[in-house]
Amino acid sequence: MVKKILKITGIALSVLVVLALIAVNVLFARYDEMKTVRTIKDGGIPVQHALVDYGDDHVISAWSIGDTSNKKALFIHGSPGHWVDWAALYTDTQLVRDYCLVSYDRPGYGGTTVPANGSLALQADIAAKVMDHFCGTNACYTVVGHSYGGGVVEEVLLNHPDNAVAGIYVAGTLSPEHQPIRWYNHIAALRLIQWIIPKAFESSNIEMMELPGELRKNKGLQSTIFGPITLIQGTGDVLVPFAT
């Protein structure tokens, strides 16, 4: 009887700890966003928030930093991630002088209500919606993506060439051979685990489970991409190997 009570108590405490971690995760994400916006404004840089309609009562939470009449750069975060992950660039005076910086929360993250989805084609459609909102389809964007966002950049360049003039991959997940589904992805895909992990981790795992197959769809299509491409990759990256 005592063992049973201790077991139940242990489970209850574990659940409470997980819920507390989730709450902290949500609060810190909101704090980071508010802090980022305040830092941008304190630097005298214009910043605007937009809820871009995506249909079915869903919106994409997007931001523009700088003069919207400038040429534009779209920044796509990784997995998991948030638009504030690029915060160090939003106050770069030279960059903001030359560009209007646009970023957004991808499906399943932050203020975007579109559910998480592992389809790179859908991810690229979301990015195109944001670009159209701030610029229109006149090939005015340099598209920048980090990690999983690099895979989204490639899909944008393939599926929406009228929206982009150049692509920059920062440790981009581009090679299916080097992005295997790992053992912990299978564990995180279990329904019970999905219930207790933070939303951002669940969204990330949905993406990771489908990533190798999604990247294989683009095999051999890279030669059809027009415009300059820049790849930035560290040799010590363990999640996105240099061999990518």
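The rules behind each value
Residues numbered from 1 in each chain as written. Predicted model: local features only at pLDDT ≥ 70, side-chain atom pairs only at ≥ 80, totals over all residues. Heavy atoms only, no water. Helix = DSSP H or I, 4+ residues; strand = E, 2+ residues; numbered from the N terminus. Buried < 20%, exposed > 50% of the residue type's maximum accessible area, 1.4 Å probe, protein only. Contact = heavy atoms within 4.5 Å. Areas by Shrake-Rupley, 256 points an atom, 1.4 Å probe, with all protein chains shown as cover. Expected span 1.5 Å × (residues − 1). Polar contact = N/O pair within 3.5 Å; in protein donor to acceptor, adjacent residues only side chain to side chain. Pairing = 2+ DSSP bridges. Axes fitted to C-alpha atoms, helices over the stretch in contact; angles between N-to-C directions. Right-handed = clockwise from strand over helix to strand, strands pointing away. Patch = residues over 30% accessible without salt bridge, like charges linked within 9 Å, V, L, I, M, F, W, Y side chains within 5 Å. Salt bridge = Lys/Arg side-chain N within 4 Å of Asp/Glu carboxyl O. pLDDT = per-residue confidence, 0-100.

Engineer: What am I meant to see in the overall build of the protein here?
Structural biologist: Looking only at helices and strands, one finds 8 helices and 7 strands in the protein. Within the protein, buried positions represent 42% of all 244 residues. Once local pairs closer than 6 in sequence are excluded, the contacts in the protein between residues at least 24 apart make up 71%. Just so you have it, the protein exposes about 12800 Å², and 62% of that area is on carbon and sulfur atoms.

Engineer: Sorry, what's going on with helix α4 (residues 120–134) here?
Structural biologist: Owing to its 3.6 residues per turn, the α-helix brings residues three or four apart onto one side. Between its first and last C-alpha atoms α4 spans 22 Å; for 15 residues at 1.5 Å apiece the expected length is 21 Å, and the two agree. Buried residues of α4: Leu120, Gln123, Ala124, Ile126, Ala127, Ala128, Val130, Met131 and Phe134, and no others. You can read the cap of α4 off the contacts: a side-chain oxygen lies 3.3 Å from the backbone nitrogen of Ala121, and it is on Ser119.

Engineer: What's the story with the sheet that holds strand β1 (residues 47–55) in this structure? I'm lost.
Structural biologist: Sheet strands pair via backbone hydrogen bonds, and the direction of the pair is either parallel or antiparallel. An order of β1-β2-β4-β3-β5-β6-β7 is seen for the 7 strands of this open sheet, with the pairing classed as mixed. The strands lining the two open edges of the sheet, one partner per strand, are β1 and β7 (229–232). For this sheet, the mean angle separating the axes of adjacent strands, direction not counted, is 20°. Where α4 meets the sheet, it contacts β1, β2 (58–65), β3 (71–76), β4 (99–104) and β5 (141–146), and its direction lies at approximately 130° from that of β1.

Engineer: Can you help me understand the environment of Cys140 in this one?
Structural biologist: Within the element layout of this structure, Cys140 appears in the loop between α4 and β5. On the basis of relative accessible area, Cys140 is assigned to the buried category, the value being 17%. In this structure, the C-alpha to C-alpha distance between Cys140 and Asn70, residues 70 residues apart in sequence, is 9.5 Å. Not counting chain neighbours up to four residues away, the residues in contact with Cys140 comprise Lys72, Cys135, Asn163 and Val165.

Engineer: Explanation requested: the pairing of strand β6 (residues 164–170) in the structure shown.
Structural biologist: Looking along a regular strand, one sees side chains alternate from face to face of the sheet. In terms of strand pairing, β5 meets β6 through 6 bridges, oriented parallel. Bridge pairing in β6 places Val143 opposite Gly167. Crossover connection from β5 via helix α5 (residues 148–159) to parallel β6: handedness right-handed. Note: β6 against β7, 4 bridges, orientation parallel. By the bridge assignment for β7, Tyr169 is matched with Leu231.

Engineer: Whenever I open this one, a nonpolar patch on the surface confuses me. Can you help?
Structural biologist: A grouping of Trp183, Tyr184, Ile187, Leu190, Val238 and Leu239 is seen on the molecular surface, where their side chains present a nonpolar patch of about 680 Å² in accessible area. Locating Tyr184 in the fold gives a position in helix α6 (residues 183–188). When its relative accessible area of 37% is taken as the criterion, Tyr184 is described as partly exposed.

Engineer: Help me understand the confidence of the model for the protein in this model?
Structural biologist: Any residue range with low pLDDT should be treated as having predicted coordinates unsuitable for detailed reading. The pLDDT averaged across the protein works out to 87; a share of 86% of its residues lies at or above 70. For residues 8–28, every residue scores under 50 in pLDDT, and the model assigns this stretch 6 contacts once sequence neighbours within four places are set aside.

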